[in-house]
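What follows is the residue order along each chain.
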Amino acid sequence: MRILIADDNDRVRDGIRAILSNEDDFEVCGEAVDGAQALDKTRELSPDLVLLDIHMPNSDGFAVARQIRLDFPKVKVLIMSQSDADMMLSSALHSGAAGCIDKTSLAAELTSKVRELLKSH
């Protein structure tokens, strides 16, 4: 699975890359620091999944998720939030995202959440 990481925080991107690099079937194909770059990189790299931060400079993550789903309907989007992911889930799903994950639990839950998305979609 080819994965694009979209987050404005270098440390978060580095951490996600480190988590995913332990999985043979996951490939980080690119990174983006804002919503516009996330759309450009999705167009350029054709990832299977975009891990999308909800809060980036000059970006509304929900709007970016909607645009990705409109322009690239086969690409799955997983919203990442500093807030309670359960509270964000309804808005994430409404924007076309396949789910939402709390950034505080990335180390424990990211690979299982990505695998869950693969099975369900």
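Reading guide: rules and limits
- Residues numbered from 1 in each chain as written.
- Predicted model: local features only at pLDDT ≥ 70, side-chain atom pairs only at ≥ 80, totals over all residues.
- Heavy atoms only, no water.
- Helix = DSSP H or I, 4+ residues; strand = E, 2+ residues; numbered from the N terminus.
- Rg over C-alpha atoms; globule rule 2.2 N^0.38 Å.
- Buried < 20%, exposed > 50% of the residue type's maximum accessible area, 1.4 Å probe, protein only.
- Contact = heavy atoms within 4.5 Å.
- Areas by Shrake-Rupley, 256 points an atom, 1.4 Å probe, with all protein chains shown as cover.
- Lys, Arg positive; Asp, Glu negative; His and termini not counted.
- Charge placed at Lys NZ, Arg CZ, Asp CG, Glu CD.

Draft legend 1. Representation of the overall build of the protein. Of the regular secondary structure elements, the protein holds five helices and seven strands. Going from N to C terminus, the protein has its helices and strands arranged as β-α-β-α-β-β-β-α-β-α-β-α. Against the 2.2 N^0.38 benchmark of 14 Å for 121 residues, the protein shows a C-alpha radius of gyration of 12 Å, consistent with a compact globule. Across its three principal axes, the protein shows a C-alpha extent of roughly 30 × 30 × 30 Å. Expressed as a percentage of the 121 residues in the protein, the buried residues total 48%. Partitioning the contacts of the protein with sequence separation of at least 6, the portion at a separation of at least 24 is 61%. With the model as given, the accessible surface of the protein reaches about 6200 Å², and the carbon-plus-sulfur share is 47%. Within the protein, one finds 14 positive and 21 negative side-chain charges whose respective centroids are separated by 4 Å.

Draft legend 2. Examining unusual backbone geometry more closely. Residue S46 is not a glycine yet carries a positive backbone phi of 50°. Structurally, the position occupied by S46 is in the loop between α2 (35-45) and β3 (49-53). Positive phi, normally seen in glycine, also occurs at N58, with a value near 55°. Here N58 is to be found in the loop between β4 (55-56) and β5 (59-60).

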